[in-house]
Protein chains: 2
Amino acid sequence: MSRGGKRQGAGRPKGAGPYGEETKPVRIPVSQVDRVRRFIRNREYALPLFACRVSAGFPSPADDYLEGSLDLNEHLVREPAATFFVRARGDSMTGAGIHDGDLLIVDRSRQAKDGSVVIASINGELSVKRYACSNGQARLMPENPAYSPIILNEGDDARLWGVVTSVVHRL
Amino acid sequence: MSRGGKRQGAGRPKGAGPYGEETKPVRIPVSQVDRVRRFIRNREYALPLFACRVSAGFPSPADDYLEGSLDLNEHLVREPAATFFVRARGDSMTGAGIHDGDLLIVDRSRQAKDGSVVIASINGELSVKRYACSNGQARLMPENPAYSPIILNEGDDARLWGVVTSVVHRL
DNA sequence: TTTTTTGAAATATGTAACACTTTTCAAAAA
DNA sequence: TTTTTGAAAAGTGTTACATATTTCAAAAAA
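The shown structure was predicted, so the numbers you read here are calculated from the model rather than taken from an experiment. (Residues numbered from 1 in each chain as written. Chains lettered and ligands numbered in written order. Predicted model: local features only at pLDDT ≥ 70, side-chain atom pairs only at ≥ 80, totals over all residues. Heavy atoms only, no water.)

(A) Structural view of the environment of Glu21(B). Summarising the element assignment, Glu21(B) is placed in the segment before strand E1 (23-29). Leave out the neighbours within four places in its chain, and Glu21(B) touches Pro29(A), Val30(A), Ser31(A) and Gly15(B). In terms of polar contacts, Glu21(B) uses its side chain to reach the backbone amide nitrogen of Ser31(A), at 2.7 Å. (Helix = DSSP H or I, 4+ residues; strand = E, 2+ residues; numbered from the N terminus. Contact = heavy atoms within 4.5 Å. Polar contact = N/O pair within 3.5 Å; in protein donor to acceptor, adjacent residues only side chain to side chain.)

(B) Representation of the nonpolar core within the structure. Ranked by internal contacts, the top residues of the largest apolar core, which has 16 residues, are Leu72(A), Leu76(A), Leu72(B) and Leu76(B). Listed by contribution, the elements that provide at least two residues to this core are helix H2 (72-76) and strand E5 (103-107) of chain A together with helix H2 (72-76) and strand E5 (103-107) of chain B. Apart from the residues lying within four places of it in its own chain, the contact partners of Leu72(A) are Val77(A), Leu72(B), Asn73(B), Leu76(B), Val77(B), Phe85(B), Leu103(B) and Ile105(B). (Core = buried A, V, L, I, M, F, W, Y, C linked by side-chain atoms within 4.5 Å. Buried < 20%, exposed > 50% of the residue type's maximum accessible area, 1.4 Å probe, protein only.)

(C) Layout of the side chain of Asp107(A). Looking at the element boundaries, Asp107(A) is found in strand E5. Side-chain polar atoms of Asp107(A) contact the side chain of Arg110(A), separated by 3.4 Å.

(D) Examining the pattern of salt bridges more closely. All names here are of chain A. All told, the structure shown has 2 salt bridges over all chains when counted by the stated rule. Among the salt bridges present, the one from Arg110 reaches Asp107, with a minimum N-O distance of 3.4 Å. Here Asp107 falls in the buried class, since its relative accessible area comes to 3%. (Salt bridge = Lys/Arg side-chain N within 4 Å of Asp/Glu carboxyl O.)

(E) Up close: the side chain of His169(B). Relative to the assigned elements, His169(B) resides in strand E10 (residues 158-170). Only 2.7 Å separates the side chain of His169(B) from the side chain of Asp102(B), close enough to count as a polar contact. The contact partners of His169(B), leaving out residues within four places of it in the chain, are Ala96(A), Gly97(A), Thr165(A), Ser166(A), Val167(A), His99(B) and Asp102(B).

Next comes the structure, spelled out in structure tokens:
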């Protein structure tokens, strides 16, 4: 027996899927499918960034206080292929805002400038130093009085591995 | 004229695409297509994390020094739907590793515990404070001697907006 | 009349299929 | 021996389709 027939407003409404939006097929490398699905499904990583010191109520996404939306990966990693992470040990770089256990984001493609914080290997040991360059002389400055600056000469067993672009401190 | 015919080894080799891997179509919400394409194409955000203080040469992905790979979004944001960013202003929280201009990652779904760093609105002004809870009394402690602790009473114009889980300090 | 059941309608979704592009290499031509 | 050529094999974006899900008015039941 027939129930109904053509009628307006029947059927599943548009945008009733989990995304509330139309979808389209995109080719994804098989190994990345799960990560992309997580990225899409569970996660919305373009999160709101608010300007601080608001005087009125709490800023909501509809507010003018919204500075924009931010994706941490895109914000903090300019060259993914040349970027790696290391965890800092010790308190010798607190002057640069680096504390014990902090995660350092290191870009190997960036050129160290005077004042850059860099990852350097000195005598085979990796460490964080501030790079100083003046009077044609390059030095590695620990921000710890217990150590003295290291002057870089040709042939030294010292090498810069990358520039620290950001420090992530967990509370 | 015919050139060739069936022969082994002819044709484009498998895995010769930009991903070096097979792909398959996955449905993506139209508004996210571009972000996903960037995520897939240009970017590989699961970046290597190295253990510091290596004694030998520079750690490479093949090394034992590799602690694992890390995605900043997944690592730093547990509840994307409840997370937002604010930028810190002023130097009143350096004791907690928060410096002027730092990006704060705030989770609204997390319960403030004694010692948590929280975002609170006090008299309509948003600020960062350390939450203290003892003897059944809750207080907001600025890490700045110029301000005094705020004791939270019922009916106060003070509200906790979320717990600061991480601080991102750019160099 | 009111409530419950039902199935056609409309959309969502994963994937096969396609049209087209790109790459490769052995055979043909030079 | 070197260069040209085109069929073969695989990559890629999109359409198409089979199936699943959701909705609601009409039919049936109470």
